[in-house]
Amino acid sequence: METARHDLVILGGGPGGYVAAIRATQLGMNVACIEQESALGGTCLRVGCIPSKALLESSERYEQAREELATHGVGVGEVSLDLATMMKRKDKLVTILSKGVEGLLKKNKITRHVGHGRLLAPGRIEVTRGDQRIELEAAHVLLATGSKSAGLPGIEPDGDRIGTSTEALSYSEVPEHLIVIGAGAIGLELGSVWRRLGAKVTVLEYLDRILLGMDAELAGEALKVFKRQGMQFLLGCRVTSARVEGEQCVVESAGNEPRRGDRVLVAVGRAPNTDDLGLEAAGVRTDRKGFVSVDEHFATSAAGVYAIGDVIGGAMLAHKAEEEGVACVEQLATGYGHVNYDAIPNVVYTEPEIASVGKTEAELQEAGVEYRKGAFPFVANGRARALGNTTGQVKMLADAATDRILGVHILGPRAGDLIAEAAVAIELGASSEDLARSSHAHPTLAEALKEAALAVDGRALHV
Ligand SMILES: Cc1cc2nc3c(=O)[nH]c(=O)nc-3n(C[C@H](O)[C@H](O)[C@H](O)COP(=O)(O)OP(=O)(O)OC[C@H]3O[C@@H](n4cnc5c(N)ncnc54)[C@H](O)[C@@H]3O)c2cc1C
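Each value, and the rule that gives it
Residues numbered from 1 in each chain as written. Predicted model: local features only at pLDDT ≥ 70, side-chain atom pairs only at ≥ 80, totals over all residues. Heavy atoms only, no water. Axes fitted to C-alpha atoms, helices over the stretch in contact; angles between N-to-C directions. Helix = DSSP H or I, 4+ residues; strand = E, 2+ residues; numbered from the N terminus. Left-handed = near helix turned anticlockwise from the far one by under 90°. Contact = heavy atoms within 4.5 Å. Nonpolar A, V, L, I, M, F, W, Y, C, P; charged D, E, K, R; others polar. Expected span 1.5 Å × (residues − 1). Buried < 20%, exposed > 50% of the residue type's maximum accessible area, 1.4 Å probe, protein only. Pairing = 2+ DSSP bridges. Near = heavy atom within 4 Å. Polar contact = N/O pair within 3.5 Å; in protein donor to acceptor, adjacent residues only side chain to side chain. Salt bridge = Lys/Arg side-chain N within 4 Å of Asp/Glu carboxyl O.

Caption draft 1: Quick peek at the packing of helix 3 (residues 49-67) against helix 6 (residues 185-196). Running from N to C, helix 3 and helix 6 point in directions that differ by 35 degrees, and their axes come no closer than 9 Å. Judged by the twist between their axes, the crossing of helix 3 over helix 6 is left-handed. The segment helix 3 lies against helix 6, with S52, K53, L55, L56, S59, E60, Y62 and E63 engaging E189, S192, V193, R195 and R196. Of the residues that constitute the contact of helix 3 with helix 6, the class distribution is 4 nonpolar, 3 polar and 6 charged.

Now the structure itself:
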């Protein structure tokens, strides 16, 4: 049997794993990357970020063509939906980007193995594919095996009518009534897609708010907007079971009448992907929820074994996994590696988008930090008016004593792109005064950030 030796073997070819592989080769390591799926890119590229953004874009255009273009004086006649073409465009995008990752691994001379990786001991990994088996040896092993959809007791997904985000990215027809369980980013994004395409959408959420973790005020505003758009919500709703009855699904929740729909999307969170990974054989410890436990340098309890990305928990975001991958291998190669979690943005790609970086007001209040707040509404921003999209606001939180920016929260058009400026400001330790004194092109949505920064000091100019 073949045994190859590497400086670093990475399990998982998602954003965490493949980015860590590239960075490690840049630093001179001999790297192998094991991915059990034939396509590289992980959850994010295959069944996550990319396909969901493709459908969000297409469905938004469909809705705009039906409802908005006329207000611009653009007549398009009768608007029709060709769902098969929409899905093909999404699939093509995924294939192209996945091939792109494959090209990057080749260019960087990273050895790629298609197969399931398992730890035999620290530094020893076996890769199996069908009845083929090889063994690898490595000074360092990096676990980047990601996550899978979390289940809910009482619900048995049948992979068709009752399914996860993966199925909801590929329905072959628009559901009549889609019941979404869970009002997090995934539930709201995919709920938005199918609502725009004509489905009735009902979101059932256990908590009494949506988007836990996002600024409560903006999440409340977003809820109102989603309701205006026609999405229905039942908050404080504990779902107890969901089953298929013929062509219908029946969802039961405590204290409510059963709800019937033709599709159910279970979007109650993500669980670590550690199936058959050999954690015990290698002495890798996990926490109560099954996430791999790591120290500040991503080292697990087993010598030479590290873990990053969704499999270690925290914010389950592609760019968080990437940052951790880079920091982990830089630490290995140079002795320095660090992730600033306060500067990692979080975006929900609904319309309007919701984006946030740094601390929320609730977090600052809980920590007893004195802060000043500046807010600026998009209704007072000329570019937002020209776009015909004036919902929402920018909210900036700065330390009361030092003026250092501690958190920025945006609900509004292109919030996901606008938040980059705030993330850089936090990363560079900027004050609200720094941002307020920086020139912002006119007319742009980004001017709302400058105005929110001015508002921290009570001197916004356009309200
Ligand atoms: C519907 C949806 C939408 C999302 N949208 C966004 C978004 O817009 N922005 C964002 O930042 N994040 C988004 N996410 C989250 C994002 O996908 C994850 O945070 C990200 O993929 C985590 O990267 P990772 O490298 O840790 O793991 P993953 O991307 O999950 O990759 C892990 C890889 O490891 C492989 N693997 C697992 N076990 C083994 C093994 N034993 N051997 C070999 N290979 C193995 C898996 O097949 C997988 O390809 C979304 C997720 C979903 C589900």
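What follows continues from the structure just given.
Caption draft 2: Just helix 12 (residues 415-427), in detail. Over its 13 residues, helix 12 extends 18 Å from the first C-alpha to the last, a length consistent with the 18 Å expected when each residue adds 1.5 Å. Taken as a whole, helix 12 has its buried residues at A415, G416, L418, I419, A422, A423, A425 and I426. On its buried side, helix 12 packs onto strand 18 (346-348), strand 19 (353-358), strand 22 (405-412), helix 13 (432-436) and helix 14 (447-456). Of the residues flanking the end of helix 12, it is G429, one or two places downstream, whose phi is positive at about 70 degrees.

Caption draft 3: Spatial organisation of the sheet that holds strand 14 (residues 259-261). If you walk across this open sheet you meet the 3 strands as 12-13-14, and the pairing is antiparallel. Both outer strands of the open sheet, strand 12 (239-245) and strand 14, are each paired with one neighbouring strand and no more. For this sheet, the mean inter-axis angle between neighbouring strands, taken without regard to orientation, is 20 degrees. The pairing of strand 12 with strand 13 (residues 248-253) spans 6 bridges and is antiparallel. In the sheet register, S241 faces strand 13, and the bridge partner there is E252.

Caption draft 4: Summary view of the site of the ligand. Near the ligand lie 39 residues; those nearest to it are E35, T43, K53, G117 and A318. Interatomic distance of 3.5 Å between a backbone N/O atom of S147 and an oxygen atom of the ligand. Between H319 and the ligand, the recorded distance is 3.4 Å, taken from a side-chain N or O atom to an oxygen atom. Of all the secondary-structure elements, those providing two or more residues to the shell around the ligand are helix 1 (15-26), strand 2 (31-35), helix 2 (42-47), helix 3, strand 4 (116-121) and helix 9 (318-334). No other element matches helix 2, which puts 5 residues into the shell around the ligand.

Caption draft 5: Fine view of the pairing of strand 22. Burial within strand 22 is extensive, with 8 of its 8 residues counted as buried. Note that strand 19 and strand 22 share 6 bridges and pair antiparallel. When the sheet's bridge partners are listed, I354 is paired in strand 22 with L411. Relative to strand 22, strand 21 (residues 393-399) is paired through 6 bridges, and the arrangement is antiparallel. Looking at the pairing, K395 lines up with H409 of strand 22. Counting the residues in the hairpin turn of strand 21 and strand 22 gives 5 residues, including D403, whose phi is positive at 75 degrees.

Caption draft 6: Examining the environment of G182 more closely. Structurally, the position occupied by G182 is in the loop between strand 9 (177-181) and helix 6. Put simply, G182 and T350 are 168 residues apart on the chain and 15 Å apart in space, counted from C-alpha to C-alpha.

Caption draft 7: Spatial organisation of the pattern of salt bridges. Here the structure, examined in full by the defined rule, presents 32 salt bridges. One salt bridge in this structure joins R112 and E102, with 3.7 Å as the shortest N-O distance. Of this pair, R112 sits in strand 3 (residues 111-114) while E102 is found in helix 4 (residues 83-107), placing the two residues 10 residues apart along the sequence. In this structure, D403 and R372 form a salt bridge, with 3.4 Å as the shortest nitrogen-oxygen distance. Of the two residues, D403 sits in the loop between strand 21 and strand 22 while R372 sits in strand 20 (residues 371-377), which places them 31 residues apart along the sequence.

Caption draft 8: Representation of the sheet that holds strand 21. The 5 strands are arranged 18-19-22-21-20 in an open sheet whose pairing can be described as antiparallel. The outermost strands of the open sheet, each flanked by one partner alone, are strand 18 and strand 20. The mean inter-strand angle of the sheet, taken between neighbouring strand axes irrespective of direction, is 10 degrees. Of the strand pairs in this sheet, strand 18 and strand 19 are connected by 3 bridges, and their pairing is antiparallel. Counterpart to V348 in the pairing with strand 19 is I354. Where helix 14 meets the sheet, its contacts fall on strand 20, strand 21 and strand 22, and the angle it forms with strand 20 comes to roughly 140 degrees.

Caption draft 9: Region of interest: the packing of helix 1 against helix 9. Between helix 1 and helix 9, the shortest axis-to-axis distance is 8 Å and the interhelical angle comes to 35 degrees. Like other packed secondary-structure pairs, helix 1 and helix 9 cross with a definite hand, here right-handed. When helix 1 is examined against helix 9, the residues P15, G16, V19, A20, R23 and A24 are found in contact with a partner set consisting of A318, A321, E322, G325, V326, V329 and E330. Of the residues that constitute the contact of helix 1 with helix 9, the class distribution is 8 nonpolar, 2 polar and 3 charged.

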